Amino acid sequence: MKLTEVLSLVKDTQELVIGSGVINTCSEYIYKYWPECSPMIVADTNTWKAAGQQIKRELSESGLNIAEPLIFETPPYLHADYRNVEIILEKAETASNPVLIAVGSGTVNDLVKRAAFELNSSYLTVGTAASMDGYCSSGAALSRNGRKQTMECGAPKVIIADTDILVTAPPEASAAGYGDLASKLTAGADWLIADFTGDDPIEEKVWDIIQPNLDGWLSNPEKTAEGDPQSLSAIFEGLNFSGLAMQALGLSRAASKASRAASGAEHMFSHIWEMSGHLGSDGNPVSHGFQVSVGILCVCALMDEVFDMDADEIDIEAALEAYPDWETRAAEVEEQMGNLPSWEEYIDICREKHLTKDELRAKLVKVKADWNELRDNVKNRLPSYSKTYRMLKTAGCPVKPEDINLKRETAISTYKKAQCMRNRYTILDLAYELGVLSKCIQSIEDSSQYLN
Ligand SMILES: [Zn+2]
């Protein structure tokens, strides 16, 4: 799908500008959308050097009345913590009629998003790395009083990414972006499964924003690793189309359900690790894209295991026998999730998706009858474990749990937790309902190929 068509499907974002030298067009967009405002740049030490100071110069030269910038000093690590939103709001109070310009990637963007929301204003984002798909999604992942949550806010009105700057980002940042974009392969496969079972029908327009272009965006992992401008431009575009797909889906369903467009079971692995406070070997949080990369491989291993089965191996009676009653299931959920903050909410989530035996039987009968069709659809969308492994490795992404300072056994113990996490039908739910989840996890654990 072309950009103009994608933009016509969303409400917040009006412009996505990617190219060499486009950083010098910021003033043009400020004049177009916020002619009466004083632009206030928010950056961190690194993104200020990479882009912020150049933007400030360009805005000044264009005759705009700019507010004093806010530069978060890094290191130490800039946390996506609500306290930093308050710092932005305090600074904005000192400016007259400010419009915020986020200069950075993940954290700066999330902080500014929420601050702009509280100021009741739209904002402009200048992306400094093709590192994640959150630039133009609605909602900001922030901690408040120690609890990570998705806080309400809009997406930027204008997003600008200068490829001359994207190429100066650390290679790990671009690799993280490649990983986050590759997650649309597993997310797409999960949506095909949910569509097939009737749990979550595909919305074609939203599907078409990401899926038909995805193989093209991901086609050059070597060049991504080399920092090639064209490849990084493709990754940035793919990541932002993913955000736009979530925006588009958010117009017809609740925000918590809109990320279906770009997030499947692989993201649940990442969320579990993040909520458990997992840190990298340097003591800092592992980037979203790197966690997701390992999550993708966890999911690919399960997809390979499940779809290795033939239809005649699906034993509906055994699956019905293995499916627990609600009381047993609730105890199972507590056992898996009891160590996580606010774990009781997962009981409610799992209650919502708990089936009666009749419902399960009807579903499994259909799954078994059309198993080959489902398998072909999934295999057409999702490359095998080994191919995905090679793509991610070539791009510089982590390909085993140890690469993100996680024990293999911890990664393997995450399957059942991830299955309890959301009411979003994925391969985890299909395997659970087929009664083969434990068996598949055991095969993954016993295999020398997977997650090694
Ligand atoms: Zn993501």
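The structure displayed is predicted, hence computed values, not measured ones. (Residues numbered from 1 in each chain as written. Predicted model: local features only at pLDDT ≥ 70, side-chain atom pairs only at ≥ 80, totals over all residues. Heavy atoms only, no water.)

## Focus: the overall build of the chain
Alright, step 1. For the chain, the count of helices and strands is 23 helices and eight strands.
Alright, step 2. Computed over its C-alpha atoms, the radius of gyration of the chain comes to 22 Å, within 12% of the 22 Å expected for a compact globule of 452 residues.
Alright, step 3. Dimensions along the principal axes, computed over C-alpha positions, put the chain at roughly 75 × 40 × 40 Å.
Alright, step 4. In the chain, which comprises 452 residues, the proportion classed as buried is 57%.
Alright, step 5. Taking the intrachain contacts of the chain between residues at least 6 apart in sequence as the baseline, contacts between residues at least 24 apart amount to 79%.
Alright, step 6. Surface summary for the chain: the accessible area is close to 18,600 Å², and the carbon and sulfur share equals 46%. (Helix = DSSP H or I, 4+ residues; strand = E, 2+ residues; numbered from the N terminus. Rg over C-alpha atoms; globule rule 2.2 N^0.38 Å. Buried < 20%, exposed > 50% of the residue type's maximum accessible area, 1.4 Å probe, protein only. Contact = heavy atoms within 4.5 Å. Areas by Shrake-Rupley, 256 points an atom, 1.4 Å probe, with all protein chains shown as cover.)

## Here's the deal with the pattern of salt bridges
Alright, step 1. Enumeration according to the criterion identifies 19 salt bridges in this entry.
Alright, step 2. Across the salt bridge formed by K363 and D199, the nearest N and O atoms sit 2.8 Å from each other. In this pair, K363 sits in helix α17 (residues 357-369) while D199 sits in the loop between α7 (171-197) and α8 (204-217), placing the two residues 164 residues apart along the sequence.
Alright, step 3. Overall, the relative accessible area of 12% leaves K363 in the buried class. (Salt bridge = Lys/Arg side-chain N within 4 Å of Asp/Glu carboxyl O.)

## Some points on the coordination of the zinc ion
Alright, step 1. Around the zinc ion, the donor atoms from the protein are D180 (OD), H267 (NE2) and H288 (NE2), and they sit 2.1 to 2.2 Å away.
Alright, step 2. Between the donor residues of the zinc ion, the gaps in sequence give the motif D-x86-H-x20-H. Taken together, the residues H267 in helix α12 (residues 265-275) and H288 in helix α13 (residues 288-307) connect sequence positions 21 residues apart.
Alright, step 3. The exposure class assigned to H267 is buried, which follows from its relative accessible area of 5%.
Alright, step 4. Assessed through its relative accessible area of 27%, H288 is described here as partly exposed. (Donors = N, O, S within 2.8 Å, 3.2 Å for Na, K, Ca; no water.)

## Here we look at the nonpolar core
Burial of nonpolar side chains together is a common tendency in soluble globular proteins.
Alright, step 1. Residues L302, F307, W371, Y415, I427, L430 and L434 are the most contacted members of the largest nonpolar core, which totals 114 residues.
Alright, step 2. Of all the elements, α13 adds the most residues to this core, at 13 residues.
Alright, step 3. Here this core gathers at least three residues from each of two domains, domain 1 (3-166) and domain 2 (171-203 + 252-446).
Alright, step 4. Dropping the residues within four chain positions of it, L302 is found in contact with Y415, I427, L428, A431, L437, C440 and I444.
Alright, step 5. One finds F72, Y82, V112 and A115 within the second-largest nonpolar core, a separate group that totals 25 residues. (Core = buried A, V, L, I, M, F, W, Y, C linked by side-chain atoms within 4.5 Å. Domains from an automatic or database assignment.)

## Let's talk about the domain arrangement of the chain
Alright, step 1. One can read the domain layout of the chain as domain 1 (3-166) and domain 2 (171-203 + 252-446).
Alright, step 2. Just the C-alpha atoms count here: the centres of domain 1 and domain 2 sit 33 Å apart.
Alright, step 3. Opposite the nine residues of domain 1 that make contact, domain 2 presents 12 residues.
Alright, step 4. Roughly 780 Å² is buried in total at the junction of domain 1 and domain 2, and carbon and sulfur atoms are behind 47% of that figure.
Alright, step 5. Taken together, domain 1 and domain 2 are joined by one salt bridge. (Buried area = accessible area lost by both parts, 1.4 Å probe.)

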